[in-house]
Amino acid sequence: MVCLGNICRSPLAEGILKEKAKAKGLDWQVDSAGTSGYHAGELPDSRSIAVAKNHDLDITDQRSQQFLASDLDEYDLVFAMDASNYQNIVRMAHNDSQKGKVHLIMNMASPGMNQGVPDPYWGNDGFENVYQMLDLACDKIIEQFA
Ligand code: 4NP
């Protein structure tokens, strides 16, 4: 799960997918990262922590980390939150196989629409909407790949 800062959107995506995978008994390795390292080592944004908590999800074990080119080897699937994240990740790919692992996450719910998960960092009211979008997308990820 990849966004820009790995403090708002992708930590929620990581927490939601981990919970759903666990509920299904799937042995998946789920992690998140940012295309930037601006917030490396930091906890998720307090607003993401609060929204997660409202949905009985604890994401306070997470720390921000920067996405690495080697993650395209280590992981089977990479979900980008928006088009900018997608392009930055695809630019790091060394071959078509790596490129093929990268998906815009909302295309799981609305195929081909290339919809981004809006960055809630600069406002205050986008976090519940982000949660709902990611909850839906993660259901589809489980449906498609479990
Ligand atoms: P995220 O949100 O990519 O969903 O974690 C952001 C967090 C920090 C910044 C931008 C977006 N920033 O510019 O510091």
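Values in this document were obtained by computation on a predicted structure and should not be read as measured data.

Novice: Before we go on, may I ask you to explain the overall build of the protein in this structure?
Specialist: Along the protein, the regular secondary structure elements total 6 helices and 4 strands. When the helices and strands of the protein are read in sequence order from the N terminus, they spell out β-α-β-α-α-β-α-α-β-α. For the protein, the C-alpha atoms occupy an extent of roughly 40 × 35 × 30 Å along the three principal directions. Within the protein, buried positions represent 47% of all 146 residues. Long-range contacts, defined as pairs at least 24 residues apart, comprise 71% of the intrachain contacts of the protein with a sequence gap of at least 6.

Novice: How should I be thinking about the site of the ligand in this particular structure?
Specialist: With respect to spatial proximity, the complete set of residues near the ligand consists of Cys3, Leu4, Gly5, Asn6, Ile7, Cys8, Arg9, His39, Asp119, Tyr121 and Trp122. Between Leu4 and the ligand, the recorded distance is 2.9 Å, taken from a backbone N or O atom to an oxygen atom. Within the side chain of Asp119, one N or O atom sits 3.3 Å away from an oxygen atom of the ligand. Within the complex, 92% of the 360 Å² of free accessible area of the ligand lies under protein. When grouped by side-chain class, the residues that make up the shell around the ligand number 6 nonpolar, 3 polar and 2 charged.

Novice: Looking at this structure, how should I read unusual backbone geometry?
Specialist: Across residues other than glycine, the phi torsion is negative in most instances, and most of the peptide bonds are trans. A positive phi is found at Asn6, a non-glycine position, where the angle reads about 55 degrees. As for its position among the elements, Asn6 is in the loop between strand S1 (2–3) and helix H1 (9–23). Residue classification places Asn6 among the buried residues on the basis of a relative accessible area of 2%. The backbone phi angle of Asp56 is positive, close to 60 degrees, even though this residue is not glycine. You can see Asp56 is positioned in the loop between helix H2 (46–54) and helix H3 (71–74).

Novice: Before we go on, may I ask you to explain the pattern of salt bridges in this structure?
Specialist: In a structure, side chains of opposite charge can pair up when their charged atoms sit close to one another. Tallied over the entire structure, the rule returns 7 salt bridges. With a shortest N-O distance of 3.9 Å, Arg9 and Asp119 are connected by a salt bridge. With a gap of 110 residues between them, Arg9 in helix H1 and Asp119 in the loop between strand S4 (102–104) and helix H6 (127–145) connect regions that are remote in the sequence. Between Asp139 and Lys20 there is a salt bridge, and its shortest N-O distance comes to 2.9 Å. Note that Asp139 is positioned in helix H6 and Lys20 in helix H1, a separation of 119 residues in sequence. Judged by relative accessible area, which is 32%, Asp139 ranks as partly exposed. With relative accessibility at 18%, the residue Lys20 sits in the buried group.

Novice: What should I look at first to understand the nonpolar core in this one?
Specialist: One recurring pattern in soluble globular proteins is that nonpolar side chains are buried together. If you look at the biggest cluster of nonpolar residues, it comprises 30 residues, and the most contacted ones within it are Met1, Met81, Ile105 and Leu134. Those elements giving two or more residues to this core turn out to be H1, H2 and H6. For this core, the leading source of residues is H6, giving 9 residues. If near-sequence neighbours (up to four positions away) are discounted, Leu134 is found in contact with Arg9, Leu12, Ala13, Ile16, Met81, Ile105 and Val117. Membership of the second largest hydrophobic core comes to 10 residues, among which are Ala80, Ile89, Ala93 and Val102.

Cut-offs used in this document
Residues numbered from 1 in each chain as written. Predicted model: local features only at pLDDT ≥ 70, side-chain atom pairs only at ≥ 80, totals over all residues. Heavy atoms only, no water. Helix = DSSP H or I, 4+ residues; strand = E, 2+ residues; numbered from the N terminus. Buried < 20%, exposed > 50% of the residue type's maximum accessible area, 1.4 Å probe, protein only. Contact = heavy atoms within 4.5 Å. Near = heavy atom within 4 Å. Polar contact = N/O pair within 3.5 Å; in protein donor to acceptor, adjacent residues only side chain to side chain. Areas by Shrake-Rupley, 256 points an atom, 1.4 Å probe, with all protein chains shown as cover. Nonpolar A, V, L, I, M, F, W, Y, C, P; charged D, E, K, R; others polar. Salt bridge = Lys/Arg side-chain N within 4 Å of Asp/Glu carboxyl O. Core = buried A, V, L, I, M, F, W, Y, C linked by side-chain atoms within 4.5 Å.

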